[in-house]
Amino acid sequence: MARRILTIRGGVILLLVALALLWLGVAIDLRSPSTKSIDITGDWKGVLAGTLHTIVHISRDSKGNLIVALDSVDQKAFGLPGAKAVLKGSNFSFEVPVVHGTYDGTVNSYGKSISGTWNQGTPLVLDLTRVSGPPVAYNLGAMVGTWKGALMTLGRSYRLALHVKTRSDAQLRGTIDYLDDHTSNIAADKVALAGNRFSFQVPAAGVTYSGELSDDGNSISGSWTESGVAFPLKLLREGSGPMPTAMPTPTPAPAMHALTLDQLGPALQREMAPVLQTGDLSKASGGGGLVVGVLDHGQRRIFAYGAAKPDSIYEIGSITKTFTGLILAQMVVQKKLRLDEPVRELLPPGFVAKPNGPEITLLDLATQHSGLPRMPDNFKPKNPANPYGDFGVSELREFLKNNGVAKPSIPAYCYSNLGFALLGYALSVRAGMPYSQLLATEVTGPLHMTETVLSLSPETRTRLIQGFDTDFNPTSPWDFGVFESAGALKSTAADLLTYLDANMHPEKYAAGAAPGSPAATLPAAIELDHELRTKVRLNGDVMIALAWNFEAKTGEYSHGGGTGGYNTIALFNPKKDYASVALYNRDSMDLAAPRFVNRVGENTAELLSGRPATPIDYISEGERDALTPPTFSDSSIMGNYHCALTAFPLPPTVKDSFSPGASGDMRLVADGKGNLTSGTWTHIIKEPNGMMVCKLQMVSGAYSIGTNGVGTERASWKLILNESPRGCFQFFSPARPPVTSESQVIVTDTSGKMNYATSINPLSVLNVVCQREAAP
């Protein structure tokens, strides 16, 4: 178990000493341990001039003086005595008189390497790496800063930023930003450094991370574990190198004058031509269909491409949240509730207990600052193809019973489907009617939006365009249960243009309405709905109103949506009086690249406003893979791989759930010809009193990959006796033949970046996720 580096008392003493030193004008570098505290005694190895293997032995005599001896392995010269060995600050030097040689080097901050020069008349590079010696004393300050990485899970890339700071008690604290969905400042808990092992948890996402800090202190190689499954994640200190990404940077076309609606049609057709020919709307997509709706100064146009028709119906996903936000604004204007009213007061009696202290309000829910997680921890779909359908009011009540509605002391932005599910349910309870009826009463009825509904009629169902998943496999429409207010709406481009027009010109739809009616209160409600509340990201310029995101540099309000078979976006600019929607029938969740509908929406807005336009035909690596079925072979796996392993003991009965019993870390080398040439395996087994770490070395390994990316892998391992406790013998006995694992392997891309392996034996299921560290 990770041990605490500093007690609170020790942290206070350290803080007082630091303040005293600062008072005296002494500079303190918290990023790395002082070289004065580094013990360089031990054995060091290096290669002189790239050819001669050299070992330097460093020790101290009884008086504390450094003693050096040098081995020139290839020249069979061992124990050459050194002299005048000196460590001054980070500078280390010594002489070897018998060969008239001198060495001058610089010890790195963590005492694991020395960069230097050997001189026997001609200076030659000799960099040394520690082989043995005392452990390095990393301090907490080594972790302070921003770290970034790309988490690859099931072929998708999620870019992350970890911000680490020190608390007032000298311990570490951290926050996580999910860079691709603009979610920031998610609290990281139990941030700790033990030796060179760094770890933290993200309670809101059910995540744990554990990794190893590199010798230079600029990277962390570790495992991100979510829902019991571990994925490799390497974090780089900001400024130490480029962050991994699958996304090339598209080059915008030069700015042109703003186009009229009559000019926009031909321009979009030119933009769409390559997409229709070889991209997401081509015949290879098997049915990709896009509808673009545009509104400019009251005039509208609707364009359909691929398999779509102008009146095709789409699931619009999270755009539904903006309707829920407008319902909230309507009810506030109508004096039925207050924005600062605790959500608990709207719920049925006894639904959730009153917390001690501040509690979550309706405004907190509508602006994604409630502190609620993206999804509830009791969300366990029976049918992954229809995940929300079996989560109802009773499940929502169960979650709130266990988690409450207390408001965080400093609520951060966290995009929460759960939050909008709770908001919609609470509004329905206060109104005394189902959400569908409340929606029709407050929004779609006054706007005469007859094709924006939760449930389709037999006639409208025939116009629901077929949806597809990421790989262009057909999907079925989703049911949403209590999440209906977060993502259940279906609509057309025409209806959504009416909705966006009302957001820019609500007075048109209130004209002639009876005083106090929902149509009459629309102008005031929309003004309240658009009021900017807070920033989405602390260091960004995107702000949030009631559900709507607002980007100051463009003046646009926008919101996207996605379900299992559809992706959508809606945006409008009140000052320039234009709006657009893009509806696409595919779940294009390649988070390392901008979504196709986002590019369409942005391109349309850029053409209308005269800004430089990013080409729509820019296509990500993931999209190309989906459109062009790849062919795999043994050469698809080649190079050095870092693998995260999770072991699940087989449950006693089919009714019992799986839970991880062990985890591990593997390093493998594949030659691209079906052979695993080397490998190491660190296996961590949960024990009643902590963790037992067993280390194994590969004896032999082979793999075979079929053309569809599915294959087999077989590897034999033996226990490293001098690096494993005796308790490991019961699992990996040295008296028996080497442990052999046989796995099914799935390769996700022909470049071999990722592969997954599953092995089932009589005792457990072994899941392994491998990510290539460097191209071969």
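Let us look at the structure shown here. Fair warning: this is a prediction, and the values are worked out from it, not measured in the lab.

1. Let's talk about the overall build of the chain
Okay, step 1: Across its full length, the chain carries 14 helices and 38 strands.
Okay, step 2: When each of the 776 residues of the chain is scored for burial, the buried share is 49%.
Okay, step 3: Across the chain, the fraction of contacts at a sequence separation of at least 24, relative to all contacts at a separation of at least 6, is 57%.
Okay, step 4: Looking at the chain as shown, the accessible area adds up to about 35700 Å², and 55% of this sits on carbon and sulfur atoms.

2. Quick notes on the pairing of strand β28 (residues 556-562)
Okay, step 1: Two elements, strand β27 (residues 549-551) and β28, share three bridges in a ladder whose sense is antiparallel. From the neighbouring strand, Asn549 faces β28, where its bridge partner is Ser558.
Okay, step 2: Joining the antiparallel neighbours β27 and β28 is a turn of four residues, in which Gly555 adopts a positive phi near 75 degrees.
Okay, step 3: The turn linking β28 back onto strand β29 (residues 567-573) is made up of four residues.

3. Some remarks on the side chain of Glu556
Okay, step 1: Mapping Glu556 onto the fold places it in strand β28.
Okay, step 2: At 2.6 Å, the side chain of Glu556 and the side chain of Tyr578 are in polar contact.
Okay, step 3: Each residue touching Glu556, except ones within four places of it in the same chain, is listed here: Asn549, Phe550, Glu551, Leu571, Phe572, Asn573, Tyr578, Ala605 and Arg611.

4. Some remarks on the nonpolar core
Okay, step 1: Ranked by size, the top nonpolar core spans 81 residues in total, and within it Phe323, Leu328, Leu396, Leu400, Leu427 and Tyr499 carry the most contacts.
Okay, step 2: Take this core: its biggest share by element is eight residues, from helix α6 (residues 417-431).
Okay, step 3: If sequence neighbours within four positions are ignored, Leu427 has contacts with Thr324, Ile327, Leu328, Met331, Leu337, Leu346 and Leu438.

5. A word on the sheet that holds β27
Okay, step 1: Ordered in space as β20-β19-β30-β29-β28-β27-β26-β25, the eight strands form an open sheet in which the pairing is antiparallel. The open sheet is flanked by β20 (299-306) and β25 (534-535), the only strands paired with a single partner.
Okay, step 2: In the sheet, strand β26 (residues 542-544) pairs with β27 via three bridges, with the strands oriented antiparallel. Bridging from a neighbouring strand, Ile544 pairs with Asn549 of β27.
Okay, step 3: With respect to the sheet, helix α2 (residues 261-278) is in contact with β19 (289-296) and β20, its orientation differing from that of β20 by roughly 15 degrees.

6. With respect to the packing of aromatic side chains
Okay, step 1: All chains considered together, the criterion is met by 21 aromatic pairs.
Okay, step 2: Aromatic side chains Phe379 and Tyr388 sit 5.4 Å apart centroid to centroid with 45 degrees between the ring planes, which places their arrangement in the tilted category.
Okay, step 3: Taking the centre distance of 5.0 Å and the plane angle of 90 degrees together, the rings of Trp548 and Phe572 count as edge-to-face. Note that Trp548 is positioned in the loop between β26 and β27 and Phe572 in strand β29, a separation of 24 residues in sequence. The same class applies to Trp548 as to Phe572, namely buried.
Okay, step 4: Ring pairs connect the aromatic residues Phe323, Tyr499, Trp548, Phe550, Tyr557 and Phe572, which therefore count as one cluster.

7. A look at the packing of helix α3 (residues 320-333) against α6
Angle between the axes and distance between the axes: these two values describe a pair of packed helices.
Okay, step 1: α6 packs onto α3 with a crossing angle of 40 degrees between their chain directions and a minimal axis gap of 10 Å. As summarised for this structure, α3 and α6 are arranged oblique, according to the angle between their axes. Regarding α3 and α6, the two cross each other, and that crossing is left-handed. Of α6, the residues touching α3 (which contributes Lys321, Thr324, Gly325, Ile327, Leu328 and Met331) are Asn417, Phe420, Leu423, Gly424, Leu427, Arg430 and Ala431.
Okay, step 2: Looking at side-chain class alone, the contact of α3 with α6 contains seven nonpolar, four polar and two charged residues.

Conventions used here
- Each residue is numbered by its place in its chain's sequence as written, counting from 1.
- Restriction of local features to residues with pLDDT of at least 70 applies here, the model being predicted, together with a cutoff of 80 or more for giving and counting side-chain atom pairs; totals for whole chains, interfaces and linings are based on all residues.
- Heavy atoms from the whole structure form the basis of all side-chain values; hydrogens and water molecules are not counted.
- Secondary structure follows DSSP: runs of H or I at least 4 residues long count as helices, runs of E at least 2 residues long count as strands, and numbering of each begins at the N terminus.
- Only protein chains enter the area calculation, which uses a 1.4 Å probe; residues under 20% of their type maximum are buried, those over 50% are exposed, and those in between are partly exposed.
- Residue contacts are defined here by distance: any two heavy atoms, one from each residue, within 4.5 Å place the two residues in contact.
- Accessible areas in this description were obtained via Shrake-Rupley with a 1.4 Å probe; residue shielding takes into account the shown protein chains only.
- Whether two strands pair depends on DSSP finding at least two bridges between them.
- The term polar contact refers here to a pair of N or O atoms within 3.5 Å; inside protein, the definition further demands a hydrogen-donor-capable atom paired with an acceptor-capable atom, and it admits residues adjacent in sequence only when both atoms are side-chain atoms.
- Among buried residues, those of type Ala, Val, Leu, Ile, Met, Phe, Trp, Tyr and Cys that are joined through side-chain atoms within 4.5 Å constitute a nonpolar core.
- Fitted lines through C-alpha atoms give the axes, limited to the stretch in contact for helices. The angle between two N-to-C directions lies from 0 to 180 degrees.
- Within 6.5 Å between ring centres, the rings of Phe, Tyr and Trp (the latter by its six-membered ring) count as paired, and their orientation is classed by plane angle as stacked under 30 degrees, edge-to-face over 60, tilted in between.
- Oblique is the label for any angle not under 35 degrees, not over 145, and not in the 65 to 115 range, which are roughly parallel, roughly antiparallel and roughly perpendicular in turn.
- By convention, the crossing between two helices is left-handed when the near helix turns anticlockwise from the far helix through less than a right angle, and right-handed when the turn is clockwise.
- Each residue gets one of three labels, nonpolar for Ala, Val, Leu, Ile, Met, Phe, Trp, Tyr, Cys and Pro, charged for Asp, Glu, Lys and Arg, and polar for the others, Gly among them.

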